[in-house]
Each structure stands twice: as structure tokens, then as C-alpha cells.
Amino acid sequence: MMCSGDHEVRCVNRKLLLEALAKELPSGTIRFSSKVVSIEESGFYKLVHLADGTILKTKVLIGCDGVNSVVSKWLGFKAPAFTGRAAIRGWVNFKSSHGFEPKFLQFFGKGFRSGFLPYDDNSVYWFFTSSQEKEIDQDDPAKMKQFVLSKLENVPDEIKAIVENTELDFIISSPLRYRHPWELLWGNISKGNVCVAGDAFHPMTPDIGQGGCAALEDGVVLAGCLAGALLKEQSGETKEKGDKEREEYKRVEMGLKKYAKERRWRGIELISTAYMVGFFQQGDGRVTTFLRDKILAGYLSGLMLKRADFDCGKLSNSRM
């Protein structure tokens, strides 16, 4: 847990969060291992083609398909840009109490940054970001583990023990990518009955820990905007099927436009902040190191907490 004045951040196991959300859905709602390969227009609907040949007919298409999103590409967004940095992440379960306080610990070195954060009494999440992306063998967890330990030679033994006790199956690595914030200024976050959310919308570096949180914000705002559109009574005595579909399509389109308007600047703010925090906290030049250690340390920490403070409002159809 991180606290600063009125701001607080808690670490949550993503697997437990996803399971909790999935339990609220009717059985069969989630379709796993479904890779989207293309999108086709069909009147007031979109046809989503999957890799296994399945075609899904959608009244509303919400692309929450990650940094390699097919939906964001369909909307006209470019592929996210590489930062030249990579992140190694891991988590360890000590089977019994680890003894760490619920505090976020950070360590800096030349061209790297590492952090450790307990998320319950027995488990700790850790990360290691490096500007030496080419030195990381992203296909070999054992080599990734040794690389991290070689960089953390000067940290306390109890911190090194977190990495040492992490099983190889719980160590992953990935290059860090982000969407240029100016792309959100003029890009199509929504188009007709299609929109994007999460990393498909605002991929960002993990330096402020708000990627998954921002996706949850998207979901709450989007639900409110769509509920207002879909629950709104149709005008007049519309009888023809085509007229009903056209009117519903227009209401969905307006709901998604409202969502895009509400989330555009929040996405720009988070992407920009994450990039700036990462630039200063991991910079290895004399100037950036001096600014980070002597001037900006408190400001950057406070900024991380402030960006996490967002009020989604009440989830109701009153948003329309």
C-alpha cells in the first residue's frame, strides 16, 4: 500500500481480480483462446472473424484486445511505439509470512529501476525495468533471474531473497511500448458502433502502475454511457426492423462518442505521466540522475499517487 495525504494505492493480484469479475458474469459469457484476425462491416453490425474460423455478429464492438489490438488498427491507430526499455516481472509466495511492511520499495542503478511491493502477508510482486533491452534474454526465465540478481548486488539480502525465491514459471519479460499521446488528440477512439478500451486504447509504460486501473475506469465510464444509450426509449412508433436497428445504432454511436470524449484527456494524461516518470526515474545521465535524486524524488512519488486518484462517478444510466 502507498499513501500520501488523501491518496492511497493498493497492490492487487490480477488473477484474483479477474476471477472476481468473471464470477459476476453469466456462464458462457467469456470465450477463451479467441484471437481476432479481422473485422467486417455488415449493415448496422460488425462481423468479428476469429482465428478458428468463427464469426461473431456484434451490435457493439469494444476492442479491449491489448497492445496488439486488431480493433485499434481498424480504427486507424498506429502500432504502439517501443521505448527502448524492457521490464522483467515476477511474484513469489513465501508459504508463510514474509515479514515485509505494506510499503513500496524502489532501487535505482545505472540504466535500471527495480521495485518490490507486498500484496498480502505471504506474497510479493516485483519488477525490474532496464534500458539494456538487448541484454535481456526474454525467452529464458533462468537467465532473466540471474540478470536481475547481477544488477541488484548492492541491495539488502532480504530484497535479493525475493528474486532468488521466485520460481521460474512466475517470471516474465516484455518490451515496453506506449501510444504517442498526440495520437489520442485526433485519433478515433470510437467510430460508429466500435470503440477501444484498456491497452488497445491507451497503452502506457508501467512506471505509475495505472495500466490495469485505467482499463477498469474505462469499463465503468463506458458502461454508464452505453447503458444510457441502450436503455433509452425509442422515439415514436417505429415499426420497421430497419428503422429500429438504425435508431439503436445511432444511440450506440452517440454513447460511444460520449465515452471517447470523457476518456480522451485522461488517457493522454496517464500516458504522458508514465513516460515522464520512467524517463527521470530510470535515466542514467548526470543531469537526470541529479534531478531525480536531489529535486524531483518527492514530486515524482506524489505524482504517481495523484494520477491514481480518479472518480468514475456512480454507475447509472444518468450519464446520458
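Report on the accompanying structure. (Residues numbered from 1 in each chain as written. Predicted model: local features only at pLDDT ≥ 70, side-chain atom pairs only at ≥ 80, totals over all residues. Heavy atoms only, no water.)

### Some points on the overall build of the protein
Looking only at helices and strands, the protein has eight helices and 13 strands in total. Within the protein, contacts between residues at least 6 apart in sequence are counted, and of these 69% link residues at least 24 apart. As displayed, the protein offers around 18,000 Å² of accessible surface, 53% of which is attributable to carbon and sulfur atoms. (Helix = DSSP H or I, 4+ residues; strand = E, 2+ residues; numbered from the N terminus. Contact = heavy atoms within 4.5 Å. Areas by Shrake-Rupley, 256 points an atom, 1.4 Å probe, with all protein chains shown as cover.)

### Examining the pairing of strand E7 (residues 81-93)
By the bridge criterion, seven bridges tie E7 to strand E11 (residues 171-178) in an arrangement that is antiparallel. Bridging from a neighbouring strand, Ile88 pairs with Ser173 of E11. Examined bridge by bridge, E7 and strand E10 (residues 123-130) share eight bridges and lie antiparallel to one another. When the sheet's bridge partners are listed, Gly90 is paired in E10 with Trp126. (Pairing = 2+ DSSP bridges.)

### Digging into a nonpolar patch on the surface
A cluster of nonpolar side chains, namely Val12, Leu17, Leu18, Leu21 and Leu216, defines an oily patch on the protein surface of about 420 Å² accessible area. Per element, the largest residue contribution to the nonpolar patch is three residues, and it comes from helix H1 (residues 14-23). (Patch = residues over 30% accessible without salt bridge, like charges linked within 9 Å, V, L, I, M, F, W, Y side chains within 5 Å. Salt bridge = Lys/Arg side-chain N within 4 Å of Asp/Glu carboxyl O.)

### Things to note about the packing of aromatic side chains
Counted according to the given criterion, the structure contains 10 aromatic pairs. Ring centres 5.5 Å apart and planes at 50 degrees place the aromatic pair Phe44 and Tyr249 in the tilted group. One end of the pair, Phe44, is in the loop between strand E3 (36-42) and strand E4 (45-50); the other, Tyr249, is in helix H7 (residues 241-282), and 205 residues separate them in sequence. Plain terms: the ring middles of Phe128 and Phe147 are 5.8 Å apart, the flat faces sit at 85 degrees to each other, and that makes the pair edge-to-face. Taken as a pair, Phe128 in strand E10 and Phe147 in helix H3 (residues 141-151) lie far apart in primary sequence, 19 residues in all. One aromatic cluster is present, built from ring pairs that chain together Trp91, Tyr119 and Phe170. A cation sits over an aromatic face here: Lys191 above Trp74, 5.2 Å from the ring centre. (Phe/Tyr/Trp six-rings, centres within 6.5 Å; stacked < 30°, edge-to-face > 60°. Lys NZ or Arg CZ within 6 Å of the ring centre and 35° of its normal.)

### Description of the pattern of salt bridges
Tallied over the entire structure, the rule returns 16 salt bridges. Note that Asp207 is salt-bridged to Arg85, the shortest N-O span being 2.9 Å. Residue Asp207 is found in the loop between strand E13 (194-196) and helix H6 (211-230), and its partner Arg85 is found in strand E7; the two are separated by 122 residues along the sequence. In this structure, Asp207 and Arg85 share a single accessibility class: buried. The shortest N-O distance in the salt bridge between Arg307 and Glu269 comes to 3.7 Å. On the criterion of sequence distance, the pair formed by Arg307 in helix H8 (residues 286-307) and Glu269 in helix H7 is long-range, its members being 38 residues apart. (Buried < 20%, exposed > 50% of the residue type's maximum accessible area, 1.4 Å probe, protein only.)

### Some details on the sheet that holds E13
Either a parallel or an antiparallel arrangement is found when strands of a sheet pair, and the pairing is made through backbone hydrogen bonds. Read from one edge to the other, the open sheet built from three strands follows the order E6-E13-E12, with strand pairing classed as mixed. Each of the sheet's edge strands pairs with one partner strand only, and the pair in question is strand E6 (61-63) and strand E12 (190-191). Pairing of E6 with E13, which is carried by three bridges, proceeds in the parallel orientation. Within E13, the residue paired with Ile62 across the bridge is Cys195.

### A word on the pairing of strand E8 (residues 105-109)
The sheet contact formed by E8 and strand E9 (residues 112-118) spans five bridges and is antiparallel. The residue bridging Phe108 from the neighbouring strand is Arg113, located in E9.

### A look at the sheet that holds E3
Overall, antiparallel pairing links the three strands, which are arranged E3-E4-E5 in an open sheet. Among the strands making up the open sheet, the edge pair consists of E3 and strand E5 (55-58). This sheet shows a mean twist of 25 degrees between the axes of neighbouring strands, independent of strand direction. Bridging between E3 and E4 involves six bridges; their strand directions are antiparallel. Residue pairing for E4: Ser38 is matched across the bridge by His49. (Axes fitted to C-alpha atoms, helices over the stretch in contact; angles between N-to-C directions.)

### Description of unusual backbone geometry
Even without a glycine there, the phi angle at Ser33 is positive, about 50 degrees. Positionally, Ser33 belongs in the loop between H1 and E3. On the accessibility criterion, Ser33 (79% relative accessible area) is exposed.

### A closer look at H3
Within H3, burial applies to Met144, Lys145, Phe147, Val148 and Leu149. Among the structural elements, E7, E10, helix H4 (157-164) and E11 are those in contact with the buried residues of H3. The N-cap of H3, judged by a side-chain oxygen 3.0 Å from the amide nitrogen of Ala142 a few residues on, is Asp140. (Polar contact = N/O pair within 3.5 Å; in protein donor to acceptor, adjacent residues only side chain to side chain.)

### Quick look at the environment of Val12
The residue Val12 is located in the loop between strand E2 (7-9) and H1 in this model. Expressed as a C-alpha distance, the spacing of Val12 and Pro118, which sit 106 residues apart in the sequence, is 9.3 Å.

### Notes on the side chain of Arg85
Using a relative accessible area of 10% as the deciding quantity, one classes Arg85 as buried. Side chain to side chain, Arg85 and Asp207 meet in a polar contact 2.9 Å long.

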